[in-house]
Amino acid sequence: MSGLIRLLDFKDVSDKRGTLVALEGERNIPFAIKRVYYMVDVPPGETRGFHAHRKLQQVAVCLNGSCKMVLDDGKTRESVVLDSPTKGLVIGDLVWREMSEFTAGAVLMVLASEPYDEADYIRDHDEFLTIVRS
Ligand code: TYD
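Below is a short write-up of the structure. (Residues numbered from 1 in each chain as written. Predicted model: local features only at pLDDT ≥ 70, side-chain atom pairs only at ≥ 80, totals over all residues. Heavy atoms only, no water.)

As a further point, take the side chain of Arg35. You can see Arg35 is positioned in strand S4 (residues 35–39). We note that Arg35 is buried and unpaired, the nearest opposite charge coming from Asp120 at a distance of 6.6 Å. Engagement of the side chain of Arg35 in a polar contact is seen with the backbone oxygen of Glu114, the distance being 2.9 Å. (Helix = DSSP H or I, 4+ residues; strand = E, 2+ residues; numbered from the N terminus. Buried < 20%, exposed > 50% of the residue type's maximum accessible area, 1.4 Å probe, protein only. Lys, Arg positive; Asp, Glu negative; His and termini not counted. Salt bridge = Lys/Arg side-chain N within 4 Å of Asp/Glu carboxyl O. Polar contact = N/O pair within 3.5 Å; in protein donor to acceptor, adjacent residues only side chain to side chain.)

Close to the ligand lie Arg35, Tyr37, Met39, Arg48, Gly49, His51, Tyr116, Tyr121 and Arg123. One of the side-chain nitrogen or oxygen atoms of Arg48 is found 2.7 Å away from an oxygen atom of the ligand. Within the side chain of His51, an N or O atom sits 3.4 Å from an oxygen atom of the ligand. Summarising the interface, the protein chains cover 62% of the accessible area of the ligand, which totals 530 Å² for the free molecule. Of all the elements in the fold, those that place two or more residues in the shell around the ligand are S4 and strand S5 (48–53). Counted by class, the shell around the ligand contains 4 nonpolar, 2 polar and 3 charged residues. (Near = heavy atom within 4 Å. Areas by Shrake-Rupley, 256 points an atom, 1.4 Å probe, with all protein chains shown as cover. Nonpolar A, V, L, I, M, F, W, Y, C, P; charged D, E, K, R; others polar.)

Right, let's get into the sheet that holds strand S10 (residues 96–100). Pairing within the open sheet is antiparallel, and its 5 strands lie in the order S8-S7-S10-S5-S12. Edge positions in the sheet fall to strand S8 (77–82) and strand S12 (121–122), since each has one partner strand and no second. Both S5 and S12 contribute to a ladder of 2 bridges, which runs antiparallel. Opposite Ala52, over in S12, you have Ile122 as the bridge partner. (Pairing = 2+ DSSP bridges.)

Here we come to the packing of aromatic side chains. In the structure shown here, the tally under the stated rule is 2 aromatic pairs. When the ring of Trp96 is compared with that of Phe128, the centres are 5.7 Å apart and the planes differ by 40 degrees; the resulting orientation is tilted. One end of the pair, Trp96, is in strand S10; the other, Phe128, is in helix H1 (residues 125–133), with 32 residues separating them in the sequence. Trp96 gets classed as buried once you look at its relative accessible area, which sits at 3%. Between Tyr116 and Tyr121, the ring centres sit 5.9 Å apart and the planes meet at 65 degrees, which makes this aromatic pair edge-to-face. In this structure Tyr121 comes out as buried when scored by relative accessible area, which is 14%. (Phe/Tyr/Trp six-rings, centres within 6.5 Å; stacked < 30°, edge-to-face > 60°.)

Now the structure itself:
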C-alpha cells in the first residue's frame, strides 16, 4: 500500500442489536463535513468518477457491498477495494479517482469538506496531469 491509499479505521459499537458507526467532522473525519452524497444502484460493469478536485477533501465509505477505487496523483496509481462500513478512504485534493466493480446493492457514501461546485472539478486527465506536474 502506498501513501496514496489512506484508510481510516472507524470504531464500531456492536452488540446483539447490531452495529453502529459514528462519523464526526474534525474528530474521526479529518475535516468539517459540509456535504454528504452517496451512490446506489450502480449497474454491473459501470464506472464512475474519472475526475479530480482542485480544493476538496473527501472520505469515501462503502456502507454495503463493495467497490474498487483507483487513486492517481499524477505520479502513481493505486487501487483499493472498499468493502467495509468501518473503513474510510481519504481522498485529498488533486487526486484523480476512478470507481468500478460495484457489487449488486453496493452503497458508496462520500463525506466532503465543501458544498458541490462544478468549477472545482478537473474532468480531463491531461489537464489534471498538467496541473499536478506544474
Ligand atoms: P459526479 O461527481 O460527476 O459523479 P461521479 O464522480 O460519481 O461520476 O456527479 C454526477 C452528477 O451529480 C453531476 O451532474 C453533478 C451532480 N452532483 C451534484 O449535484 N451534487 C454533488 O454533490 C455531486 C457529487 C454530484
